[in-house]
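# Structural overview
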Amino acid sequence: PEPAEVLAEAELSARERAEARGVLAKLSRADRELLAWRVLEGRSYAELAEHLGLQASSLRARFARLRAALRKGDL
């Protein structure tokens, strides 16, 4: 599913949903998908790596950079 579909089904308040949409709009499609699949759907790095054809370690590093940027407010 698309990140927007996952977000629509997530149990969030209207304010949280609006904030999440704002953040998602600033991300690349690849980062939006990674964030939605990992956080909202709870998929493992192994599942994502297999699905995307990438190494789990590279996904972990990419996700760590994405989380750091979100925490710092860079997005």
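Just so it is clear, the structure is predicted and the values come from calculations on it, not from any experiment.

### Examining the packing of helix α3 (residues 29-40) against helix α4 (residues 45-52)
Two elements in contact, α3 and α4, have axes whose closest approach is 10 Å; the angle formed by their N-to-C orientations is 145 degrees. Remark: the crossing between α3 and α4 carries right-handed chirality. Packed against α3, whose contacting residues are L34, W37 and R38, the element α4 presents Y45, L48, H51 and L52 at the interface. Residue classes in the contact of α3 with α4 are distributed as 5 nonpolar, 1 polar and 1 charged.

### Regarding the environment of L40
As for its placement among the helices and strands, L40 is situated in helix α3. We classify L40 as partly exposed; its relative accessible area is 38%. Taking C-alpha positions, L40 is 9.7 Å from E11, a pair spaced 29 residues apart along the chain.

### What to know about the packing of aromatic side chains
A complete count under the given rule lists 1 aromatic pair for this structure. Seen from the ring of Y45, R38 lies directly overhead, with NZ or CZ sitting 4.1 Å from the centre.

### Some details on the pattern of salt bridges
Applying the stated criterion across every chain yields a total of 4 salt bridges. In this structure, E33 and R29 form a salt bridge, with 3.2 Å as the shortest nitrogen-oxygen distance. Of this pair, E33 and R29 both sit in helix α3, 4 residues apart, which is roughly one turn of the helix. A salt bridge links D31 to R62, with the nearest nitrogen and oxygen atoms 3.3 Å apart. One end of the pair, D31, is in helix α3; the other, R62, is in helix α5 (residues 56-72), with 31 residues separating them in the sequence.

Quick notes on the rules
Residues numbered from 1 in each chain as written. Predicted model: local features only at pLDDT ≥ 70, side-chain atom pairs only at ≥ 80, totals over all residues. Heavy atoms only, no water. Axes fitted to C-alpha atoms, helices over the stretch in contact; angles between N-to-C directions. Helix = DSSP H or I, 4+ residues; strand = E, 2+ residues; numbered from the N terminus. Left-handed = near helix turned anticlockwise from the far one by under 90°. Contact = heavy atoms within 4.5 Å. Nonpolar A, V, L, I, M, F, W, Y, C, P; charged D, E, K, R; others polar. Buried < 20%, exposed > 50% of the residue type's maximum accessible area, 1.4 Å probe, protein only. Phe/Tyr/Trp six-rings, centres within 6.5 Å; stacked < 30°, edge-to-face > 60°. Lys NZ or Arg CZ within 6 Å of the ring centre and 35° of its normal. Salt bridge = Lys/Arg side-chain N within 4 Å of Asp/Glu carboxyl O.

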